[in-house]
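Read off the chains here:
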Amino acid sequence: MKVKIFMDSKAGAIEEQINAWLDNLGAPTIINTETVVTAVAGKPGDATDPCIVVTVWYEPPASN
C-alpha cells in the first residue's frame, strides 16, 4: 500500500493536483481517503493560515 498527500489552501488547487496525479498514475485502487483542515505557518514564527490536507491510501495499478 502506498500513501499520497496533497496540501493547499484552495480546494480547487487540490482538485487539480489529484486529477493530474490520477491521470499520470492510471487506475489505482483507492483504499481510503482522509481530508482535514489544519493551520500551517510558512516559516517558524509566521502567522498560520488554513490548509487543506488530503491523504490517499492506494494500491498502484498492476503492471503488465
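A brief report on the enclosed structure follows. Given the structure is predicted, the values throughout are model-derived calculations rather than measurements. (Residues numbered from 1 in each chain as written. Predicted model: local features only at pLDDT ≥ 70, side-chain atom pairs only at ≥ 80, totals over all residues. Heavy atoms only, no water.)

**Side note on the overall build of the protein**
The helix and strand tally for the protein stands at one helix and three strands. Of the regular secondary structure in the protein, the N- to C-terminal order runs β-α-β-β. Taken against the 2.2 N^0.38 rule, which gives 11 Å for 64 residues, the C-alpha radius of gyration of the protein at 14 Å runs more than 25% over that of a compact globule. Structurally, the protein occupies a C-alpha span of about 50 × 20 × 15 Å along its principal axes. Here the protein, with 64 residues, has 19% of them falling under the buried criterion. Within the protein, contacts between residues separated by at least 24 positions form 60% of all contacts whose residues are at least 6 apart in sequence. Carbon together with sulfur atoms contributes 52% to the accessible area of the protein, which is approximately 4,700 Å² in total. (Helix = DSSP H or I, 4+ residues; strand = E, 2+ residues; numbered from the N terminus. Rg over C-alpha atoms; globule rule 2.2 N^0.38 Å. Buried < 20%, exposed > 50% of the residue type's maximum accessible area, 1.4 Å probe, protein only. Contact = heavy atoms within 4.5 Å. Areas by Shrake-Rupley, 256 points an atom, 1.4 Å probe, with all protein chains shown as cover.)

**Digging into the packing of aromatic side chains**
Going through the model one piece at a time under the given rule, you end up with two aromatic pairs. Between Phe6 and Trp21, the ring centres sit 5.5 Å apart and the planes meet at 70°, which makes this aromatic pair edge-to-face. Here Trp21 lies in helix H1 (residues 11-25) and Phe6 lies in strand S1 (residues 2-8), a separation of 15 residues in the sequence. Classification of Trp21 by relative accessible area gives buried; the value is 12%. Aromatic pair Trp21 and Tyr58: ring centres 4.9 Å apart, planes at 80°, arrangement edge-to-face. Here Trp21, found in helix H1, pairs with Tyr58, found in strand S3 (residues 48-59); they are 37 residues apart in sequence, far enough to count as distant. In this structure, Trp21 and Tyr58 share a single accessibility class: buried. Within the aromatic cluster, the residues linked to one another by ring pairs are Phe6, Trp21 and Tyr58. (Phe/Tyr/Trp six-rings, centres within 6.5 Å; stacked < 30°, edge-to-face > 60°.)

The values are spatial; any link to function lies outside them.
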